[in-house]
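# Observations on the three-dimensional arrangement
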Amino acid sequence: LAQAISSDRTGAVSKQRRLLSQCQVDGSVLGASAMADSRVTGHSSDSRENPRRIDRVVSRSMVWGSSSTSVQGTVRQFISAAQSLVSVRMRPRGQSQRSPEFLRELAVLHPELLRATTMRMVLRRFGSIFRHSAGAASTFEMSKPVEVIAKFLSHSWNTPGWLKTIALMYHENVFRATVSAFATAICLHGLEFAGAGVPMPLVGPSYLAGETTMHQLRLDTHFVPPCLVFILVLIFGQEVPGLAQSTCFLDKCCIHQTDQEKKMQGIQQLGGFLRSSHRMVILWQPEYFTRLWCVYELAAFHYINLGVSGLVDLLPLKLPVLALSLFCFHFAATAATVVLGPTLVFSEMHVTWILENLPAALHVPWMFMILSSMFFFAVYTIPGFLLWKFCESHMEDRKMLLKQLQEFRMDLAECQVESDREFIESKLKTWFGGVEEFELIVRDELAELVAQRMQDRGPIPWTLMFTGSLSHVFFLASAAVDAVIRSDWHLAVRVGLACIGLSCFTDAIALSAGLTLADKIPGRWQVGVRRFIAPMSLALLFSLLNGLVLASMNPALPLWIDIPIYLVLGMLTWWMFGGWHRLRHGRTLRPTGKSEGYSPASTVALSVPGVGDRQGLQSDAGMTGTFKPNIQGDASFAVQKKVESHESRVVALHKEESDDEFCEVVSV
């Protein structure tokens, strides 16, 4: 077992299961590990060992295994040696089991007050519930008693309500809006293929110059219906009848705000709300970690779920606003191209002049120069300054987030009522052993996790850029469908490649480069005339990339040149958005169950076949100290592979039972 795990072989999981199935694993076997820890190794479980120390103890455990006649003894000795090497940060130090006080706080003493509302109620009337923090009996009636809560919404009332509304609309409806928009486009073009197409306004004929002839390019308004469907579903998607509504906790709706007795009962059983919640959604703005209640909610959720970070969704509120702004901007730019293209760049007169006066080798460079100049002066010059301001603001927010976590102090957190501070500090002392221990976890664990996740995903999520470029997809898809109907396959392939490049690569590369530039250029350098250099450079980069992709639609460009251009753009996008970092540090897989330790930073969680997921906390009564695995439902095994550095790998065997009975984590 030690050799299989230390060498990180593929069959390590199956060997562990076979060995564990041969021995009788009970409370006495794993319980003896803590006693054997100091007796065998002479080191505490909280000490961090170097790779040489790991190799020595692993080899020592192999010697123990060869000399032992019992598989059960081998497993016990190996677990004892492994526990001495790594401090398990998922559980607060000094607490091997959850205290009865903590279990009592997780109990739902008033089931009728365990309530949740739906995202439909939260977003109704454009999120009017976020306008102010004052609640009433009517807001409490927006929630209903439940047994399970899908999402726990953690936010600060100091954040503007419209930001939270847009972020939740995007978070809840963006997938169904994207699917609906593509379904609308497919239906429109399907009717075209069937000969019953919906008539769309056509501004005028447009053309592209081939080597010797002109190719007709359709520029019409087929992109408008899918874009309108996207906006409508994004705003009102939660109101569609028949769709499943996810339950969510919002303090203003789920805790009574006027009845003081019910309000105190709701606050006292906040642990029950968190215990019943599957995920936490943090509506993050720079002031979030300055609010004591926000920190308390995150700390409680972290403790209840044993630090499983994949259950927390950090949602920066500015990113959905950026996605919608890019969508509207690209929609306007696409509409301008449809209106002005047939009379300027793609006009018959211009294409005829190209064919008569320029050799075929200069057709593409000429179109690239014309399109890039038009984009720079007419499209991106003014938006370039706005995009640059966003890049600076976003990178400052990222730095501030890490700084808030790395320098977190409870005494600096804001709280309107001083009695609330005393209440929260008492809870942190019960759960984490003290305020200092909790501050250490936030500064170390959480800061490292957030930094790693930022590096994995790049400056912004790629899906956000794709959403902002959907109008390009529908615009060029319409031109490609028209080329297919006319059997102009050469042009259809070019336009299809341009559709992929314009929607997936160009804007993503340009904005990612702008964010990286904003992170590198100090603010004191941007004075005088130099303050215009960065915005103009960003506008020029957008113009050059978009001009390159649209110019590559020209049939005069050979495919053996066209395809490598898109391969380079695709590889550059993959590298900029964290692909290379994920490849070096391991691919991340989302677990299927709540209890499997998914870490989006650098963890691979694999579900062992035949073992059920954790079903949540059971009754607090009758808790015993004996571990009796129930493979049907209570227990779950997860093998978690985490790359600590380039030289060493760590494989963790997480053996979890229901939260109120037992949890033992073994790490190597």
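All residue numbers here refer to positions counted from 1 along the written sequence of the relevant chain. Where local features are concerned, this predicted model is filtered to residues with pLDDT of at least 70; where side-chain atom pairs are given and counted, the filter is 80 or more; whole-chain, interface and lining totals use all residues. Based on all heavy atoms of the structure, the side-chain values leave hydrogens and waters out of the count.

On to the overall build of the chain, then. Segments assigned H or I by DSSP are reported as helices when at least four residues long, segments assigned E as strands when at least two residues long, and all are numbered from the N terminus. Broken down by element type, the chain carries 26 helices and twelve strands. Working definition: with a 1.4 Å probe on protein chains only, accessible area under 20% of the residue-type maximum means buried, over 50% means exposed, and in between means partly exposed. The proportion of buried residues among the 668 residues of the chain is 51%. Whether two residues are in contact is decided by their heavy atoms: any pair within 4.5 Å suffices. For the chain, long-range pairs separated by at least 24 residues make up 79% of all intrachain contacts whose partners lie at least 6 apart in sequence. The accessible surface values rely on the Shrake-Rupley method and a 1.4 Å probe; as for residues, cover is taken only from the protein chains in view. Put simply, the chain shows about 30600 Å² of open surface, and 61% of that area lies on carbon and sulfur atoms.

Let us now look at the environment of G384. Inspection of the secondary structure puts G384 in helix α18 (residues 363–406). With 130 residues separating them along the chain, G384 and G514 place their C-alpha atoms 9.9 Å apart. Once residues lying within four places of it in the same chain are set aside, the contact partners of G384 are P535, L538 and A539.

Along the chain, the position of F542 falls in helix α24 (residues 533–551). The exposure class of F542 is buried, given its relative accessible area of 3%. For the pair F542 and T506, spaced 36 residues apart in the sequence, the C-alpha separation amounts to 7.2 Å. F542 has contacts with Y380, L387, D507, A510 and L511, leaving out every residue within four places of it along the chain.

The subject of this paragraph is the packing of aromatic side chains. To pair, rings of Phe, Tyr and Trp, with the six-membered ring standing in for Trp, must have centres within 6.5 Å; the planes then decide the type, stacked if under 30 degrees apart, edge-to-face if over 60, and tilted in the middle. This model, assessed by the stated rule, comprises 20 aromatic pairs. Here F126 and F236 contribute two aromatic rings whose centre-to-centre distance is 5.9 Å and whose plane-to-plane angle is 70°, an arrangement assigned as edge-to-face. With F126 in helix α8 (residues 124–127) and F236 in helix α11 (residues 224–236), the pair connects residues that are 110 residues apart, well separated along the chain. Relative to F466, the ring of W462 lies with its centre 5.5 Å away and its plane at 20°, an arrangement referred to as stacked. With a gap of four residues between them, W462 and F466 both fall in helix α21 (residues 462–468), about one helical turn apart. Classification of W462 as partly exposed rests on a relative accessible area of 32%. We classify F466 as buried; its relative accessible area is 18%.

Before going further, it helps to examine the pairing of strand β7 (residues 277–284). Burial analysis of β7 places six of its eight residues in the buried class, which makes it a mostly covered element. Here the rule is simple: two strands pair whenever DSSP picks up at least two bridges between them. Relative to β7, strand β3 (residues 149–154) is paired through five bridges, and the arrangement is parallel. Within the sheet, the bridge partner assigned to S154 lies in β7 and is I282. Here five bridges tie β7 to strand β8 (residues 312–316), and the two strands are oriented parallel to one another. Directly across from W284, in β8, lies its bridge partner P316.

A word on helix α23 (residues 489–520). In this model, α23 (32 residues) spans 45 Å end to end at C-alpha, consistent with the 46 Å of a helix rising 1.5 Å per residue. The largest bend in α23 is about 45°, located at L502. In this analysis, the expected span of each helix is defined as 1.5 Å times one less than the number of residues it contains. The term bend refers to the angle at a residue between two fitted axes, each drawn through seven residues, those ending there and those starting there.

All right, on to the state of the cysteines then. The disulfide criterion used throughout: a pair of cysteine sulfur atoms within 2.5 Å. Enumeration according to the criterion identifies zero disulfides in this entry. C254 forms no disulfide, and the closest cysteine sulfur to it belongs to C253, at a distance of 6.0 Å.

Attention now moves to the sheet that holds β7. In space, the six strands of this open sheet follow the order β2-β1-β6-β3-β7-β8, with mixed pairing throughout. The strands lining the two open edges of the sheet, one partner per strand, are β2 (144–145) and β8. Note that strand β1 (residues 115–118) and strand β6 (residues 247–249) share two bridges and pair antiparallel. Within the sheet, the bridge partner assigned to T117 lies in β6 and is C248.

Let us now look at the pattern of salt bridges. Every case where a carboxyl oxygen of Asp or Glu lies within 4 Å of a side-chain nitrogen of Lys or Arg is listed as a salt bridge. Evaluated as defined, the whole model comprises 14 salt bridges. Across the salt bridge formed by R124 and E239, the nearest N and O atoms sit 3.3 Å from each other. Note that R124 is positioned in helix α8 and E239 in the loop between α11 and β6, a separation of 115 residues in sequence. Salt-bridge contacts for E172 lead to K151; the nearest nitrogen and oxygen are separated by 3.0 Å.

Covered by surrounding structure in strand β4 (residues 206–209) are S206 and L208 together with Y207 and A209, the residues of both alternating faces. Sheet topology places β4 next to strand β5 (residues 214–217); four bridges connect them, and they run antiparallel. Each residue of the ladder has a partner; that of S206, found in β5, is L217. Remark: four residues form the turn of the hairpin made by β4 and β5, two consecutive strands paired antiparallel.

For the rest of this paragraph, the subject is the packing of helix α10 (residues 161–193) against α11. To get an axis, a line is fitted to the C-alpha atoms, and for a helix only the part in contact is used. The angle between two axes follows their N-to-C directions and goes from 0 to 180 degrees. At their nearest, the axes of α10 and α11 sit 7 Å apart, and the two run at 155° to each other. With respect to their mutual orientation, α10 and α11 come out roughly antiparallel. You can see that α10 and α11 cross each other, and the crossing is right-handed. Contact residues: α10 offers M169, Y170, N173, V174, R176, A177, T178, S180, A181, T184, A185 and L188, while α11 offers P225, P226, V229, F230, V233, L234 and I235. In these notes the angle categories are as follows: under 35 degrees is roughly parallel, over 145 is roughly antiparallel, 65 to 115 is roughly perpendicular, and the rest is oblique. In this scheme, a crossing is called left-handed if the near helix is turned counterclockwise away from the far one by less than a right angle; it is called right-handed if the turn is clockwise.

Turning our eyes to something else, we now look at the side chain of H394. Assignment of secondary structure puts H394 in helix α18. Every residue in contact with H394, bar those within four places of it in the chain, is listed here: L319, P459, I460 and L515.

All right, on to helix α22 (residues 470–485) then. In an α-helix, one turn spans 3.6 residues; hence positions three or four apart end up facing the same way. Helix length check: α22, at 16 residues, gives a terminal C-alpha distance of 23 Å against a target of 22 Å (1.5 Å per residue), a fit within 8%. The buried fraction of α22 is high, at 13 of 16 residues. One or two positions beyond α22, positive phi appears at S487, with a value near 65°.

Next up on the list: the packing of α10 against helix α16 (residues 318–340). Contact geometry for α10 and α16: axes closest at 8 Å, N-to-C directions at 70°. Taken together, the axis directions place α10 and α16 in an arrangement best described as roughly perpendicular. Of α16, the residues touching α10 (which contributes W162, L163, I166, A167 and Y170) are P320, V321, A323 and L324. Taken together, the residues of the contact of α10 with α16 break down into nine nonpolar, no polar and no charged. Note on residue categories: nonpolar means Ala, Val, Leu, Ile, Met, Phe, Trp, Tyr, Cys or Pro, charged means Asp, Glu, Lys or Arg, and polar means any other residue, Gly included.

Following the sequence through the fold, F230 ends up in helix α11. For the pair F230 and A181, spaced 49 residues apart in sequence, the C-alpha to C-alpha distance is 5.1 Å. Here F230 is in contact with V174, A177, T178, A181, F327, T467 and L470, once residues within four sequence places are set aside.

Topologically, E172 is positioned in helix α10. Under this definition, polar contacts are N or O atom pairs within 3.5 Å; protein pairs additionally need one hydrogen-donor-capable and one acceptor-capable atom, and for neighbouring residues in sequence, both atoms have to be side-chain atoms. Side-chain polar atoms of E172 contact the side chain of K151, separated by 3.0 Å. If sequence neighbours within four positions are ignored, E172 has contacts with M119, K151 and S246.

Together, V203, V339, L340 and L344 make up an exposed nonpolar region whose accessible area comes to about 350 Å². Inspection of the secondary structure assignment puts V203 in the loop between α10 and β4. Within this analysis, patches are made of residues with over 30% relative accessible area and no salt bridge. Like charges are joined at 9 Å or less; nonpolar side chains (Val, Leu, Ile, Met, Phe, Trp, Tyr) at 5 Å or less.

In this section: the confidence of the model for the chain. Regions with low pLDDT carry predicted coordinates that are not meant to be interpreted in detail. Residue-level confidence of the predictor, termed pLDDT, takes values from 0 up to 100. The predicted model of the chain has a mean per-residue pLDDT of 74, with 69% of residues at 70 or higher. α11 holds the highest mean pLDDT among the elements of the chain, 95, whereas strand β9 (residues 603–607) holds the lowest, 28. Every residue in residues 1–71 scores below 50 in pLDDT, and together they form 105 contacts with partners more than four places removed in sequence or on other chains. Of the regions scoring below 50 in pLDDT, residues 587–668 engages in 199 contacts with residues more than four places distant in sequence or in other chains.

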